[in-house]
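Here is what each chain is made of, one letter per residue.
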Amino acid sequence: MTSLILRATARSLLPVLLLFSWIILYRGHNLPGGGFIGGLTAAAGFIIVGLSEDIEQAKRILRISPLSLMAVGLLTAALSGVIGVMTGAPFMTGIWLNTFEMPVVGTIHLGTPMLFDVGVYLAVCGFSLNTLFTLSETED
Amino acid sequence: MEIFWIILGILLGALSATTVHRVSAMYSGRLLACIPATGFMWLLTRVPDIHDHPLQGSISWFPQLGADLSFHVDALGLLMALLITGIGAIILAYSGDYLKGDSQQGRFFVFLMVFMASMLGVVTADNLILLFVFWELTSVSSYLLIGYYHESAESRWKALQALLVTGLGGAAMMGGLILLNRASGTWTISEMLNSGLSIAEHAYYPAIVTLFIIGAFTKSAQFPFHFWLPNAMAAPTPVSAYLHSATMVKAGVFLLLRFTPVLGGTSAWMITLTGFGSITMLIGAVNGLRQTDLKKILAYTTLSVLGMLVLLIGLGTPTAIASAMLLLTGHALYKATLFLTSGIIDHETGTRDLQRLRGLRRAMPITAAIAGLAALSKAGLPPFFGFIGKESIYSIGFAPGAMVAILPMIMLANMIMFALALSTGFHPFHGAVTSDTPKSPHEAGPAMYLGPLILSVLGLVFGLLPGITVESLIGSAVTSILSTETDIHLSVWHGFNVPLLLSIATIAGGVVLYRMRVCFWSKADESDRRRLSFDRIYTFIFNGFVAVAKCQTRILQSGYLRNYFIIILSVTGAMIAFNLIALGGLPRTFNIRDAKILDWAACIIIMASLYPAIFGRSRMTVLIALGAVGFGVTMIFILHGAPDLAITQIVVETLTVVLFMLAIYRLPNFRSHSTRNMRFFDSVFSGIAGLLVTLCVLKAQHVKLAPSVSNQYSEWSYSLAHGKNIVNVILVDFRALDTMGEISVLAISSIGIMTLVLTRTRKRRMEKQE
């Protein structure tokens, strides 16, 4: 696609969308959002770059292959389940840290379910991008 | 608990085997052999007081399911464990040299040690589920070992055959074990045995016995499942020595022995075991006579011995069980030896064909001596251990009646065994030297002959001094099998009596058969094709399965999207219709007066976009119209308080449109391929499907099949899971395992798309280059 407007905005949209996707990911535990939507949003950012310039550019900006993104996501999700096992609880038991205050963001409460959500985020993002990159690579 | 550490140690050895092999390809076999050897030494120290202090220990695994990592080793288990670790160590050291230079050798050690650990598990597990897990593991690892030469299609086919036959038995065994638990009320084997319980009167008894026997028979290659064992000779010789003589094929026998107090003693048990046992014994012996391949002969004699063991277990008297234990131990020693020496012959001369092997004793004197010792034990000559076993069988004292017929059968089998012992242990080494072998023969290295040497000397030592070596262990093993105190006394010389006369007759017959051996050989080849009929039945059934699967795939997987939709929608629709009827017919009341104006707006958007979606003449129109439908649905989600769903829907909808756009340029021009009738059918069909789904949704509001979980979830969401967004908490905490599964499916499907698309692209690229 050769729209100048799209090309100009796409590059600046990407960081915004990425930041937005992290917010969605983080707030998901208490408000609408979560890893699934966050992952899709992040993927959308790269897809816009891919559409406005070309897919190779999107790949360059992503740096790592979407396959590894997927793999890391799956591993993170699985690992978050193992942490519970180490404390003697069954697989996938949620383990939470104590809450603490952070400037700007407010009260932070971290736990393994959030780590799991990060895994979902990465896996979903990797899935979308991998599918997209693959489909765009076919040449006739 | 120590037994657990031994098993774990061997498994860790398996994990490190490839690394060890990479570091030191020269000594890897010998290094890895240290692990089972250490286990063997430790187990040996437990022999004296095993009778009074069985080894046991338990680690909780899945207590809810009754599955624990519990072990219980009594004399029977210890004897088997000694054979497994002892012979296992010898095999590892031996195969270090036997497969030297083979590029896959590291993997071989991995498979072998996994097998060793699982076999050790089978004989020591005290929990029925654990037993089953190990039982299946032996099948899987033996599949990998038989198919070790995986470049050969024949070897793969034979490995698969062994896996399928023993796998069938494994499935039967699982059923048997579960029913046994239902009948006895416990998962713990020792508890079952100690309670002196017999389930012969239980309603499940016939089913349990049948399933158990199928499991044991497939594993121990009893008629009619015997055909896989000779085929499994496709494995490297050390594997045959270990799996197909000393250990795995004894697993079925072991299980029959183990459960004799619980299942045995009935006439059904006795008749089945003696019947099938004697058939297997004779089939093995007679077919063995016709073979000229050293390994094939050994395979068939193994079959024969397994049959004899099952027959003895079927008889079930203390003497019979004691004879079975003697035979089992003696057989493990001499048969492993003979396999290993035949491996040496194969390795150093390049052939295993008896017709070409003569006069090797000059070239390989040590191997000749070892094989000779083992053959004498196998032949059952005094003062070897094999003789004691045979004498013991002859002294069972066959009651008059039907059982009388068994004695001549055993004698015949023993005569043939005698002849075949000489064929494998003497024939290749004696006679005139020929230079007919592919390689010029020479002696093997010490790593290869030391192991069989130990085993064959043991056969002599146990025979000469049974009282101070094996008597007590075998005595306590018999006691532990029958759960009643039994005393046995072993010695080579019992005085002039009936068993001795029978032994002399056997030897005489055996010598005659040995001298006539060449007469049987000539018929081997042409009868081979005719005789392996069970192999052909197996092939027939196998091909039948493949044909049915193909046929079914062709019907279900037509490749037309339209057909898939019709199948999926009709099944879904039929299920909805069935449930609507089962739950009392159509929904009676539904209220559209509550719908707000915005709801109507969303509905109108959806309905209006449907028209171009259905009747659009270009893909782009259809695509955008479908997108509008999606956004209409999103609106409803927002209106009814499901923001999570709405966001997801928007993002998914957007991405779908983008993905479609990418694909749309590559699709052929939009054309309608359907006829008028097809379109009519499709519209009626989808109309019905849509109607049914609508009815289902309406009905769902009035039907409550189970108490709703949502109240419970909303209560727990914050208190237990520290989250206010229930949807997210369900996804990442309450049902995290499901989510894990879903993202795995995503990953798999993405890789699937990649393979599909990229292989095609690459193929095109290659064609272009050409």
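As shown above, the structure is provided for reference.
Now for a description of the structure that goes with this document. Throughout, a residue's number is its position along its own chain's written sequence, starting from 1. As a convention, the first chain written is A and the first ligand written is 1, with the rest following in written order. Only residues with pLDDT of at least 70 get local features here, since the model is predicted, and only at 80 or more are side-chain atom pairs given and counted; chain-wide, interface and lining totals rely on the full set of residues. Side-chain numbers come from the whole structure's heavy atoms, not from hydrogens or water.

**What about the overall build of chain A?**
In this description a helix means any DSSP run of H or I spanning at least four residues, a strand means any run of E spanning at least two, and both kinds are numbered starting from the N terminus. The secondary structure content of chain A amounts to five helices and two strands. Reading the helices (α) and strands (β) of chain A from amino to carboxyl end gives α-α-α-α-β-β-α. For each residue, the accessible area found with a 1.4 Å probe, counting protein chains only, is set against the maximum for its type, and the residue is called buried under 20%, exposed over 50%, and partly exposed in between. Residues counted as buried form 46% of the 140 residues belonging to chain A. Every residue pair with non-hydrogen atoms within 4.5 Å of one another is taken to be in contact. In chain A, the share of contacts with a sequence separation of at least 24, taken over all contacts with a separation of at least 6, comes to 63%.

**Brief notes about the overall build of chain B**
Tallying secondary structure elements over chain B gives 32 helices and two strands in all. Overall size of chain B, expressed as C-alpha extent along the three principal axes, is 110 × 70 × 50 Å. By sequence separation, contacts in chain B at least 24 residues apart represent 78% of the contacts at least 6 residues apart. A 1.4 Å probe and the Shrake-Rupley method give the accessible areas. Residues count as covered only by the protein chains that appear here. About 35800 Å² of surface is accessible on chain B, with carbon and sulfur atoms providing 68% of the total. Between the averaged position of the 52 positive side-chain charges in chain B and that of its 38 negative side-chain charges there is a distance of 13 Å. Lys and Arg are tallied as positive, Asp and Glu as negative. Neither His nor the chain termini are counted. A charged residue contributes its charge at one atom only: NZ of Lys, CZ of Arg, CG of Asp or CD of Glu.

**Comments concerning the interface of chain B and chain A**
Taken together, the 40 residues of chain B in the interface contact 42 residues of chain A. Two parts lose some accessible area (1.4 Å probe) when they are put together, and adding that loss for both gives the buried area. The junction of chain B with chain A conceals about 3800 Å² of combined surface from both sides, 72% of it contributed by carbon and sulfur atoms. When a carboxyl oxygen of Asp or Glu is within 4 Å of a side-chain nitrogen of Lys or Arg, the pair counts as a salt bridge. Run the count over chain B and chain A and you get zero salt bridges. Polar contacts, as used here, are pairs of N or O atoms within 3.5 Å; protein pairs need one atom able to donate a hydrogen and one able to accept it. Residues neighboring in sequence count only if both atoms are side-chain atoms. Summed over the shared surface of chain B and chain A, the number is six residue pairs in polar contact (both at pLDDT 80 or more). The element that contributes the greatest number of residues to the side of chain B that touches chain A is helix H32 (residues 736–769) of chain B, accounting for 19 residues. Ten residue types, Ala, Val, Leu, Ile, Met, Phe, Trp, Tyr, Cys and Pro, are classed as nonpolar, four, Asp, Glu, Lys and Arg, as charged, and the remainder, Gly among them, as polar. Its residues assigned to classes, the side of chain B that touches chain A comprises 23 nonpolar, ten polar and seven charged.

**Description of the pairing of strand E2 (residues 67–73) of chain B**
Residue and element names in this part refer to chain B. Taken across its seven residues, E2 has six buried, putting it largely inside the fold. Whether two strands pair depends on DSSP finding at least two bridges between them. Pairing analysis gives seven bridges linking strand E1 (residues 55–62) to E2, with the strands arranged antiparallel. Opposite Leu-55, over in E2, you have Val-73 as the bridge partner. Here E1 hands over to E2 after four residues, with Gly-66 in that stretch at a positive phi of 80 degrees.

**Overview of a nonpolar patch on the surface**
Within this analysis, patches are made of residues with over 30% relative accessible area and no salt bridge. Like charges are joined at 9 Å or less; nonpolar side chains (Val, Leu, Ile, Met, Phe, Trp, Tyr) at 5 Å or less. A cluster of nonpolar side chains, Leu-79, Val-82, Val-85, Met-86 and Phe-91 of chain A together with Leu-737 of chain B, forms an exposed patch at the surface whose accessible area comes to about 590 Å². Tallying contributions element by element places helix H4 (residues 66–86) of chain A first for the nonpolar patch, with four residues. When you line up the elements, Val-85 of chain A lands in helix H4.

**Details of the environment of Leu-55 of chain B**
Residue and element names in this part refer to chain B. On the secondary structure map, Leu-55 appears in strand E1. The exposure class assigned to Leu-55 is buried, which follows from its relative accessible area of 7%. When the C-alpha positions of Leu-55 and Glu-2 are compared, they lie 7.9 Å apart, and in sequence the two are 53 residues distant. Excluding anything up to four places from it in sequence, Leu-55 contacts Trp-42, Leu-43, Arg-46, Ile-50, Phe-71, His-72 and Val-73.

**Some words on the state of the cysteines**
When two cysteine sulfur atoms lie within 2.5 Å, the pair is treated as a disulfide. The tally for this structure, following the rule as stated, stands at zero disulfides over all chains. Cys-603 of chain B takes part in no disulfide bond, and the closest cysteine sulfur to it belongs to Cys-696 of chain B, at a distance of 18 Å.

**Details of the packing of aromatic side chains**
Geometry of an aromatic ring pair is reported as the spacing of the ring centres plus the angle between the planes. All names here are of chain B. Each Phe, Tyr or Trp ring (for Trp, its six-membered ring) is paired with any other whose centre lies within 6.5 Å, and the angle between the two planes then decides the class: stacked below 30 degrees, edge-to-face above 60, tilted in between. Inspection of the entire model under this criterion finds 20 aromatic pairs over all chains. Here the aromatic rings of Trp-157 and Phe-542 are separated by 4.9 Å at their centres, their planes lie at 85 degrees, and the arrangement is edge-to-face. Note that Trp-157 is positioned in helix H6 (residues 153–184) and Phe-542 in helix H24 (residues 533–556), a separation of 385 residues in sequence. We classify Trp-157 as partly exposed; its relative accessible area is 30%.

**Points about the environment of Gln-552 of chain B**
Of note, Gln-552 of chain B is situated in helix H24. Considered as a pair, Gln-552 of chain B and Met-80 of chain B are 472 residues apart in the sequence and their alpha carbons are 46 Å apart.

**Some thoughts on the nonpolar core**
Grouped burial of nonpolar side chains is what soluble globular proteins tend to show. The nonpolar core is taken to be a set of buried Ala, Val, Leu, Ile, Met, Phe, Trp, Tyr and Cys residues, with the residues joined through side-chain atoms within 4.5 Å. Formed by 189 residues in total, the largest nonpolar core has its most connected members in Leu-180, Trp-228, Phe-259 and Leu-263 of chain B. If near-sequence neighbours (up to four positions away) are discounted, Trp-228 of chain B is found in contact with Gln-161, Ala-162, Val-165, Thr-166, Thr-218, Lys-219, Ala-221, His-244, Met-248 and Val-249 of chain B. Core analysis: the second largest hydrophobic core is formed by 37 residues, Val-49 and Leu-132 of chain A together with Val-732 and Ile-743 of chain B among them.

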